[in-house]
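Residue-level structure breakdown
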Amino acid sequence: MAWRPFEEKWGKGRFEVSLTPSGKVGVSRTVYEKWLRGCKGVILAYDDERRRIGIKPAFEPYANMYSLTPARKDGRGGFYIAAVAFFKQHKIPLPQKPVRKVAYKEDDFVVIDLD
C-alpha cells in the first residue's frame, strides 16, 4: 500500500469560521482581513429557509451589533463573536464539539452554511 499524505489541513490562509458549544462564532484572521477589517462590530442574521448564518460588518454603531473580540491577548490570530442569544433566538442547536466551516461572501454578508 502506498503512503497518502494528509491534505485537509485547516488554518492559515483559509476562509475559516468555527461554531463552538459555548455559543461563540470564531472568525479566522483571513476572514477578518478580507471582509471585516475596520468594522466597529458585526450584525448577525439568520436565513432559516437555507439554514445559514450571515455576518455583516457594521462600520457605524448599530443597536444590536455584536463585538468582534480578539481571540488572543497579543492581537495575533482570529476573533470571536459571543452569540449565545442569537443561537437561542433562532433555535439553532449548538454543536457538541467545535465545528469548522468555510465561509464565503454573498452581497454584504459573510455566510456560514449550517448543513
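Residues numbered from 1 in each chain as written. Predicted model: local features only at pLDDT ≥ 70, side-chain atom pairs only at ≥ 80, totals over all residues. Heavy atoms only, no water.

**Thoughts on the overall build of the protein chain**
The helix and strand tally for the protein chain stands at 2 helices and 9 strands. Along its sequence from the N terminus, the protein chain presents helices and strands in the succession β-β-α-β-β-β-β-α-β-β-β. Counting all 115 residues of the protein chain, 36% fall into the buried class. Considering only contacts in the protein chain between residues 6 or more positions apart, those separated by 24 or more positions represent 55%. Surface exposure of the protein chain reaches about 8000 Å², of which carbon and sulfur atoms provide 51%. Across the protein chain, 22 positive and 14 negative side-chain charges occur, with their mean positions spaced 8 Å apart. (Helix = DSSP H or I, 4+ residues; strand = E, 2+ residues; numbered from the N terminus. Buried < 20%, exposed > 50% of the residue type's maximum accessible area, 1.4 Å probe, protein only. Contact = heavy atoms within 4.5 Å. Areas by Shrake-Rupley, 256 points an atom, 1.4 Å probe, with all protein chains shown as cover. Lys, Arg positive; Asp, Glu negative; His and termini not counted. Charge placed at Lys NZ, Arg CZ, Asp CG, Glu CD.)

**Concerning the packing of aromatic side chains**
One pass over the structure, following the stated rule, counts 3 aromatic pairs. When the centroid spacing of 4.7 Å and the interplanar angle of 25° are considered together, the rings of Phe15 and Trp35 count as stacked. Here Phe15, found in the segment before strand 1 (16-19), pairs with Trp35, found in helix 1 (residues 29-36); they are 20 residues apart in sequence, far enough to count as distant. The exposure class of Phe15 is partly exposed, given its relative accessible area of 29%. Both rings, one in Phe86 and one in Phe87, keep their centres 5.9 Å apart while their planes meet at 80°; by these two values the pair is edge-to-face. (Phe/Tyr/Trp six-rings, centres within 6.5 Å; stacked < 30°, edge-to-face > 60°.)

**Some remarks on unusual backbone geometry**
The phi angle at Arg51 is positive, at roughly 50°, despite the residue not being glycine. For Asp107, which is not a glycine, the phi torsion comes out positive at approximately 55°. Topologically, Asp107 is positioned in the loop between strand 8 (104-106) and strand 9 (109-113).

**Things to note about the nonpolar core**
Counting 25 residues, the largest nonpolar core has Val25, Leu36, Val42, Ile53, Ile55, Leu68 and Ile81 as its most contacted members. Listing elements by their share of this core, those giving two or more residues are strand 1, strand 2 (24-27), helix 1, strand 3 (41-47), strand 4 (52-58), strand 6 (79-82), helix 2 (84-89) and strand 9. Element by element, the count of residues in this core is highest for helix 1, at 4 residues. (Core = buried A, V, L, I, M, F, W, Y, C linked by side-chain atoms within 4.5 Å.)

**Focus on the sheet that holds strand 6**
Spatially, the 5 strands line up as an open sheet ordered 5-6-2-1-7, and their pairing is antiparallel. Edge positions in the open sheet fall to strand 5 (69-70) and strand 7 (99-102), since each of these has one partner strand only. Bridging between strand 1 and strand 7 involves 4 bridges; their strand directions are antiparallel. The residue of strand 7 that forms the bridge with Glu16 is Val102. Across the sheet, helix 1 is in contact with strand 1, strand 2 and strand 6; its angle to strand 2 comes to roughly 80°. (Pairing = 2+ DSSP bridges. Axes fitted to C-alpha atoms, helices over the stretch in contact; angles between N-to-C directions.)

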